[in-house]
Amino acid sequence: MTDARLIDGKTFAEKLREKIKRRTADLKATDGLVPGLAAVLVGEDPASQIYVRNKEIQCVEAGMSSVGRRLPANISESELLATIMEFNAEPAVNGILVQLPLPDHIIAKNVIEAIDVTKDVDGFNHLNVGALSSGEEGLIPCTPRGCMLLLEDTLGDLTGMNAVVVGRSNIVGKPIAQLLLAANCTVTIAHSQTQNLPDVCRKADIIIAAVGRPRMIRGNWIKPGATIIDVGINRITDEKGKTRLVGDIHFDEAIKVAGAITPVPGGVGPMTIACLLENTLIACCRQNDVEEE
Ligand code: GUN
């Protein structure tokens, strides 16, 4: 059997960002609008600093405006909520993103729910969660949306396919299950308590791996020809003592069995920010009653 086709999220995301950049330029020319994203970072977690910085850079590269707000780790919840209120009231800010995780003394749910639902470009607010599960218009979480774009580009119509989502987080597992259901898949959500996970995975035409456990899903759990989307990003020290990033899929085994697979890095990762920019553009259009393409 030949090796699986690699799903190139990096190139797909670059093309999507180009498209968003053109649409942003049109919006400025025809309606005088510049989509704006406010990114809030609390504390100094190194990974979060990198994520937020990349979001800001790509926002500006797409022709959007970016407002960064760095807040100290010991800020009170009410001070953080006051920052959110300020951005909610600012018409030039169309999207608000609060990087997670937040320090332990802040209840993330209170912060997420304080974001104006029309500016919730992460799609985490319960109104956007509800909109997604009931098929109403809302803002779709970025990583799940990125996975769906890659899947539909690889497979076309997903109707009738068996999709197994491994992981049930609010950020990835649950929303992607809703998107797969909306695309007419038969969806199984598996998790740490699932019995006989290898057998559950073996029935899948599509596996979405989002458990956060390095190389947990082995090659012999995969149905020959299945499409594999690996959302995991885990830093490991390998057999040779080198540090590197791996996904939740055992890639070297899976590539021998699967039909198509996303690499880590370069698969799902780059799609998340591209979809964040797309949501910011959509939010700007909706807030200003301008047609979204
Ligand atoms: N932390 C890890 N992933 C995300 C994400 O998609 N959005 C936000 N705001 N924080 C995160």
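Everything in this summary refers to the structure shown in the same document.

Calculation criteria
Residues numbered from 1 in each chain as written. Predicted model: local features only at pLDDT ≥ 70, side-chain atom pairs only at ≥ 80, totals over all residues. Heavy atoms only, no water. Pairing = 2+ DSSP bridges. Helix = DSSP H or I, 4+ residues; strand = E, 2+ residues; numbered from the N terminus. Axes fitted to C-alpha atoms, helices over the stretch in contact; angles between N-to-C directions. Buried < 20%, exposed > 50% of the residue type's maximum accessible area, 1.4 Å probe, protein only. Near = heavy atom within 4 Å. Polar contact = N/O pair within 3.5 Å; in protein donor to acceptor, adjacent residues only side chain to side chain. Areas by Shrake-Rupley, 256 points an atom, 1.4 Å probe, with all protein chains shown as cover. Nonpolar A, V, L, I, M, F, W, Y, C, P; charged D, E, K, R; others polar. Salt bridge = Lys/Arg side-chain N within 4 Å of Asp/Glu carboxyl O.

## Side note on the sheet that holds strand β4 (residues 95-98)
In step 1: The three strands are arranged β3-β2-β4 in an open sheet whose pairing can be described as parallel. Lying at the two open borders of the sheet, with one neighbouring strand each, are β3 (65-71) and β4. On average, each strand axis in the sheet is inclined to that of its neighbour by 15°, with strand direction left out of account.
In step 2: Pairing between strand β2 (residues 36-42) and β3: seven bridges, direction parallel. Looking across to β3, one finds that A38 is bridged to V67.

## So, the pairing of β4
In step 1: Burial along β4 is two-sided: G95 and L97 facing one way and I96 and V98 facing the other are all buried.
In step 2: Inspection of the sheet shows β2 paired to β4 by four bridges, in the parallel sense. Each bridged residue has a counterpart across the sheet, and for A39 the counterpart in β4 is L97.

## Quick notes on the site of the ligand
In step 1: If you check the shell around the ligand, you find L97, V98, Q99, L100, D122 and F124 and nothing else.
In step 2: Here a nitrogen atom of the ligand and a backbone polar atom of V98 are 2.8 Å apart.
In step 3: For the ligand, whose unbound accessible area comes to 280 Å², protein coverage reaches 81%.
In step 4: For the shell around the ligand, a count of residues per class yields four nonpolar, one polar and one charged.

## What about the pattern of salt bridges?
In step 1: What the rule picks out here adds up to twelve salt bridges.
In step 2: Between E278 and R145 there is a salt bridge, and its shortest N-O distance comes to 2.9 Å. Highlighted residues: E278 in helix α10 (residues 269-287) and R145 in helix α6 (residues 142-155), separated in sequence by 133 residues.
In step 3: Taking the shortest distance from any N to any O, the salt bridge between R286 and E292 comes out at 2.7 Å.
In step 4: You can call E292 partly exposed: its relative accessible area is 32%.
In step 5: One network of salt bridges, in which partners are shared, links E137, R286 and E292.

Geometry only, nothing functional implied.
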